[in-house]
Amino acid sequence: MEFQKTPLHRSGLFSSMMDQRCSEKKLKNVILLIGDGMGFSYTTGLRYFNNDSVKALMVPTIFDRHFVGTQSTYSLDPESNITDSAAAGTALATGYKTYNGAIGVNIHGQSVPTVLEYAKYRGKSTGLVGTSQINHATLAAFAAHNESREQYNKIADDYFDERLNGQLKIDVMLGGGKSYFCREDRHLAEEFMKNDYGYVTSLWELVANKNERVLGLFAPVELPKQIDRVPAVPSLAQMTKAAIQRLQQNPKGFFLLVEGSQIDWAGHENDIVGAMSEVKDFEAAYQEAVHFALDREDTLVIATADHSTGGMSIDRDDHYKWNPGVIKAVTATPRVIADRLHRTKDIGTLKNDISFSLDDEDLQLLRTTLEMTADDTHQALISIINHHSSTGWTTKGHTGEDVPVYACGLCSHLFSGKIENSDIANILFQIID
Ligand SMILES: [Zn+2]
């Protein structure tokens, strides 16, 4: 990767926005958090979810307090005007809008530098944290270059093989994906260990490990959603904290990318329990980042989404009453509950997982699906919970509306107003200098 000079200011917009406040103080650290699929209905849903009654003014979320603007997400795909995570991730990482499926390459398939790589080139430490496998689309777009997001093994190889000034480019990697890093044909975890990385596979090991550089893989592929997680699997906030602790040792600062990867996955399933679980996980990670930044004057924190997913709506069918109480009355994702029901085949055990009252029609539907597959029970639970909470969905895919941008700390005002997803990278390239 060539970094002959500071990347060009491609939109030409930002020099005028670089005011005194941003240029006088030195920006040392950047924490970019991406809620995959986290459109406005998810962060508004979080506000409803956090407020028990709507008899008074709702208490704003931490995101509300840091709202600065919106960004448009469309990709430059020849077939589609709705982005996927790879194209949006690449735009956010490189400043180039590209085709769907592209990982760190432009519309012509050529590798383009990412802000993570640029930060490394400038002597900073770098980190990638997420709840999917860490070689999954959004995270991959910041640290690998591939014409296709499907090349999971090659992307994992890139994390080790692609060097900047002869150095490994990612210092801290935390998330899922053991099956891609410990393979029959290649044991990347061992290769990282030989290069003085710590390798950890549980929260306890992560906390006990003292290496400044670490690879933490806490599941074969994705982590369980927060609501289903066991104590050995860290939360996104715990991983964010562990990453910051290590990265801040570098006197030149750091760039950290944190992805709430599975907000999107819950959206694809139209699962409101999973969606709120993952938005809460992301909110706590954002709080962790803000907590670090507000103690100092040299750190920028940005939170945004790559697109929205599922066409989630807060209320449906003219009810005028969305009911987050129903969502809170469910203690695991519908997927986990469905699998459990299929093991026990006992509808009576449902009361351990669901404490809102199911009507006869619901119970009849669930009994019927117990004779079918766990997938059928999963779908039935999703539709029952959507019905009782009055949550609407329009698609199992992504949607094209603009997404929110939240920011705080040094230079945060540069992201205000209506911008393009690619502008986030273009501004970062300029201010990381
Ligand atoms: Zn996405």
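As the structure is a prediction and not an experimental result, all values here were calculated from the model.

Conventions used here
Residues numbered from 1 in each chain as written. Predicted model: local features only at pLDDT ≥ 70, side-chain atom pairs only at ≥ 80, totals over all residues. Heavy atoms only, no water. Disulfide = S-S within 2.5 Å. Buried < 20%, exposed > 50% of the residue type's maximum accessible area, 1.4 Å probe, protein only. Axes fitted to C-alpha atoms, helices over the stretch in contact; angles between N-to-C directions. Helix = DSSP H or I, 4+ residues; strand = E, 2+ residues; numbered from the N terminus. Parallel < 35°, antiparallel > 145°, perpendicular 65-115°, else oblique. Contact = heavy atoms within 4.5 Å. Nonpolar A, V, L, I, M, F, W, Y, C, P; charged D, E, K, R; others polar. Core = buried A, V, L, I, M, F, W, Y, C linked by side-chain atoms within 4.5 Å. Domains from an automatic or database assignment. Pairing = 2+ DSSP bridges.

S.K.: Any chance you could break down the state of the cysteines for me, citing the residues and the numbers?
M.R.: The tally for this structure, following the rule as stated, stands at 0 disulfides. With no disulfide of its own, cysteine 408 has cysteine 411 as its nearest cysteine by sulfur position, at a separation of 12 Å. Taking relative accessible area as the criterion, cysteine 408 reaches 6% and is therefore assigned buried.

S.K.: Kindly report on the packing of helix α4 (residues 85-94) against helix α18 (residues 421-431), identifying the contributing residues and their values.
M.R.: Two numbers describe how α4 lies on α18: the axes approach to 5 Å, and their chain directions differ by 25°. Classified by the angle their axes make, α4 and α18 are roughly parallel. Touching Ala88, Ala91, Leu92, Ala93 and Thr94 of α4 are Asn421, Ser422, Ile424, Ala425, Asn426 and Phe429, all from α18. Grouping the amino acids of the contact of α4 with α18 by side-chain chemistry returns 7 nonpolar, 4 polar and no charged.

S.K.: Any chance you could break down the nonpolar core for me, citing the residues and the numbers?
M.R.: Of all hydrophobic cores here, the largest spans 68 residues; its most connected members are Ile31, Leu33, Leu174, Leu256, Ile272, Tyr286 and Val301. Ranked by residues supplied to this core, first place goes to helix α13 (residues 272-294) with 12 residues. For this core, the domains that each give at least three residues are domain 1 (15-313 + 396-431) and domain 2 (323-389). Leaving out residues up to four positions away in the same chain, tyrosine 286 has contacts with Leu33, Ile62, Phe63, His66, Val301, Ala303, Tyr406, Ala407 and Cys408. With 54 residues, the next largest nonpolar core counts Leu257, Ile302, Leu428 and Phe429 among its residues.

S.K.: Account for the sheet that holds strand β9 (residues 254-260), with residues named and values stated.
M.R.: Paired through their backbone hydrogen bonds, the strands of a sheet run either parallel or antiparallel. Read across the open sheet, the 10 strands follow the order β7-β8-β6-β3-β9-β1-β10-β15-β2-β16; overall the sheet is mixed. Both edges of this open sheet fall to β7 (198-200) and β16 (417-420), since each of them pairs with a single strand only. Recorded for the sheet is a direction-independent mean angle of 15° between the axes of neighbouring strands. Sheet topology note: the strand β1 (residues 29-35)/strand β10 (residues 299-305) ladder contains 7 bridges and is parallel.

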